[in-house]
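Close look at the chain arrangement
Each chain, written out:
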Amino acid sequence: MSYCTLAVVGNFTYPSTSTSNPNPKVSISNSTQRRKEFVSLLKNCKDANQILPIHAKIIRTGHDQDPFILFELLRLSSTLSSVNYASTIFQLVHNPNVFLYTALIDGFVSAGSYSDGISLYFQMINRFIVPDKYVITSVLKACGSRFALREGKEVHCQASKLGLSSNRSITMKLMEFYGKCGEFDDARKVFDKMTERDVVASTIMISCFLDHGLVEQAIEVFDRVRVKDTVCWTAMIDGLVRNGEMNMALEMFREMQKGNMRPNEVTIVCVLSACSQLGALELGRWVHSYIGKHHTIELSHFVGGALISMYSRCGDIDEAERIFAMMKERNVITYNLMISGLAMHGKSIQAIEIFRGMIKQGLLPTSVTFVAILNACSHRGLVNLGLEMFHSMSRDYGIPPQIEHYGCIVDLLGRVGHLKEAYNFIQNMEIAPDHVMLGSLLSACKIHGNFELGEQVARILMNHGVVDSGTYVLLANVYASSGKWKEAAQIRAKMKEGGIQKEPGCSSIEVNNEIHEFLLGDLRHPQKEKIYNKLEELNQVLKEAGHIPAIDAVLHDIEDWEKEQALAIHSERLAICYGLISTKPCTTIRVVKNLRVCDDCHSMIKLIAKITGRKIVVRDRKRFHHFENGNCSCGDYW
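Rules used in this analysis
Residues numbered from 1 in each chain as written. Predicted model: local features only at pLDDT ≥ 70, side-chain atom pairs only at ≥ 80, totals over all residues. Heavy atoms only, no water. UniProt positions renumbered as here; feature names shortened; annotations may be inferred. Helix = DSSP H or I, 4+ residues; strand = E, 2+ residues; numbered from the N terminus. Axes fitted to C-alpha atoms, helices over the stretch in contact; angles between N-to-C directions. Parallel < 35°, antiparallel > 145°, perpendicular 65-115°, else oblique. Left-handed = near helix turned anticlockwise from the far one by under 90°. Contact = heavy atoms within 4.5 Å. Nonpolar A, V, L, I, M, F, W, Y, C, P; charged D, E, K, R; others polar. Buried < 20%, exposed > 50% of the residue type's maximum accessible area, 1.4 Å probe, protein only. Lys, Arg positive; Asp, Glu negative; His and termini not counted. Salt bridge = Lys/Arg side-chain N within 4 Å of Asp/Glu carboxyl O. Polar contact = N/O pair within 3.5 Å; in protein donor to acceptor, adjacent residues only side chain to side chain. Pairing = 2+ DSSP bridges. Expected span 1.5 Å × (residues − 1). Arc of directions from axis to C-beta.

- Under an unreviewed UniProt entry, the name given to the chain is DYW domain-containing protein, and the organism recorded is Gossypium trilobum.
- In its Sequence similarities (unreviewed entry) section, UniProt records this for the chain: "Belongs to the PPR family. PCMP-H subfamily."

What follows is the structure, given as structure tokens:
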């Protein structure tokens, strides 16, 4: 039988207080009193184990088929993460009604057992029990989460035949269902049929588009909303962040402020996430001060963790530590963020101390914790401690190492020059290495000049199958470093044939709450003349200070003067020059770069920091470099 043509039939009667009494020895008044007693007891349960003795008493007194008690029993079992127990109870019900079906379907949906929820709904339909708006709403949520398009359309058809498709809650779930399944035409049809397309409906449409990366369509719907509430603004900002549109997200937040719309906790965390990824420290500080002024937003795990992440990733690790110390309650996520932040800034010893403090507090580390602490060991070259931490994962905490943990050990061994040990470690792993891990070893071979092992790793990488643009560039650079220009050219030719583009170096700097981005040799900036004049001035000063360009860093078979020119216009240099001409003397310059800082730029920035008396903080792909008084926090190995 087709569900779409199913006739709405059945002799279902909603339960009332005058339900039949299955036990003739129990009077109706006594049954009603017992019902109230059992429902009250069940509502007061805080733990799944408390349900069992109450359920036993329900059975003994002959109330195990009372629909009111059963409904509460099913609802509570599902709420307390005992959906399997709820399912067992349901199987013993003689004549389940729509409410009991709804209770268990809700339980399945809450537990993430979407297929079970959908199957149970259609079992109900096959028993000719008429669905109501509550069960239809619940099963549509399951269909959307399971991407069950065919089943969801059948539910939509049933709702239409029952005259329920115009119900507001069902309409909302239909839009959400079609949106999750990527059926935007159908979602739009439901949206357009609404007599009142208010901010809630519009927010659902916006979220649907953003979930599938359709930013322009989401903005189109957003712009049409006349009166936007905090949830609508937050959905838009969150979606932009998730789609990598950080600048647009921050601009949207500024517009929200202009409209005197107060953000909530979720908005704040979304904005802090955008600040983290862009390195927008000043805006992040403003958001932090906003939290302090408006006491409606507390320093919860959620907000506190976002602040720690923002300050860590924007270069102010001291403020991140201060936030961590201020937090009254910390969970494992908070500790993970702090350990990871300290590791990024080269504060490995402090990271290890935080880790040990977490263990003393009785918090169990997670897989993420060990990635953070192993990175901390790697940045400091703590081989013995790193290996001990790695082995303790499975030995002491029952956490099997994943590819990320193996990769940290390879990176650690490679950093200190234990290349053969790193290679043997890869050979003896229980899981196959990925191109990131092999690339890490290849990079270490290049840095330490072991081109024989480097070529061996390169051959494995080429046969690996999945290789990204960064790995191709690294392969070409390894060959070029050993003077094998022909092989390097072949790698670049292979990239061209495969249509693989090298990721361009990009550096950004925040000045007066605005993010300025620079590419290699960028000429787009309005103040480009002043920037390049400052660059020329610095180059002259650096030459007088004895700086010799590390032309070996330019791995192309070109003349030396051409290599010097290529080095001079790297994106981080342009960003630093803009920082020097646009900020007050003695203030810290903070730059974010998407790639690794090259050797020549690293040595040049150390000199610039010494000559100008500025502290320069650079965040590259893996870590932070704090340049001050001619030194770098990484100890010249990164």
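Digging into the UniProt feature "repeat: PPR" (unreviewed entry) in the chain
- Cross-referencing UniProt, the feature "repeat: PPR" (unreviewed entry) maps to residues 97–131, 167–201, 229–263, 300–330, 331–365 and 468–502 in the present numbering.
- Between the end C-alpha atoms of residues 167–201 the distance is 13 Å, and the span holds 74% helix and 0% strand.

Details of the packing of helix 6 (residues 114–126) against helix 7 (residues 133–146)
- Packing of helix 6 against helix 7 brings their axes to within 9 Å, and their N-to-C directions diverge by 140°. With respect to helix 7, the axis of helix 6 lies oblique. In the packing of helix 6 onto helix 7, the handedness of the crossing is left-handed. On helix 7, the residues touching Tyr114, Ser115, Gly117, Ile118, Tyr121 and Met124 of helix 6 are Val135, Ile136, Val139, Ala142, Cys143, Ser145 and Arg146.
- For the contact of helix 6 with helix 7, the per-class residue count stands at nine nonpolar, three polar and one charged.

Considering the side chain of aspartate 132
- Within the fold, aspartate 132 resides in the loop between helix 6 and helix 7.
- There is no salt bridge for the buried aspartate 132, and the closest opposite charge comes from lysine 133, which lies 8.5 Å off by N-O distance.
- In this structure the side chain of aspartate 132 is engaged in a polar contact, spanning 3.0 Å, whose partner is the backbone nitrogen of valine 135.

Examining the environment of glutamine 350
- With respect to the helices, strands and loops of the structure, glutamine 350 is situated in helix 20 (residues 348–360).
- Residues glutamine 350 and asparagine 243, 107 residues apart in the sequence, show an inter-C-alpha distance of 34 Å.

Observations regarding the sheet that holds strand 3 (residues 589–593)
- What the six strands build is an open sheet, ordered 2-1-3-4-5-6; its pairing is mixed. The sheet is open, and its two edges are formed by strand 2 (514–519) and strand 6 (631–632), each paired on a single side.
- The sheet contact formed by strand 4 (residues 616–619) and strand 5 (residues 624–628) spans four bridges and is antiparallel. When the bridges of strand 5 are listed, valine 618 appears paired with histidine 625.

A look at helix 29 (residues 528–544)
- Helix length check: helix 29 (17 residues) gives 24 Å between terminal C-alpha atoms against 24 Å at 1.5 Å per residue, within 8%.
- Along helix 29, the residues classified as buried are Ile531, Leu535, Leu538, Asn539 and Leu542. Buried residues of helix 29, seen end-on, are gathered within an arc of 105° and therefore sit on one face of the element. Exposed residues on helix 29 whose side chains face more than 90 degrees from its buried face are Glu529, Lys530, Asn533, Glu536 and Glu544.
- One or two steps after helix 29, the chain reaches glycine 546, where phi turns positive at roughly 95°.

Comments concerning the pattern of salt bridges
- With the rule as written, the count across this model stands at 27 salt bridges.
- Taking the shortest distance from any N to any O, the salt bridge between lysine 57 and glutamate 37 comes out at 3.8 Å. Placement of the pair is lysine 57 in helix 2 (residues 51–60) and glutamate 37 in helix 1 (residues 28–43), with a sequence separation of 20 residues.
- On the basis of relative accessibility, which here comes to 31%, the residue lysine 57 falls in the partly exposed class.
- Under the relative-accessibility criterion, glutamate 37 is labelled partly exposed at 30%.
- Its salt-bridge partner being lysine 347, residue aspartate 318 comes within 3.3 Å of it at the nearest N-O pair. Here lysine 347 lies in the loop between helix 19 (332–344) and helix 20 and aspartate 318 lies in helix 18 (residues 317–326), a separation of 29 residues in the sequence.
- When salt bridges that share partners are traced, they join Arg34, Glu37 and Lys57 into one network.

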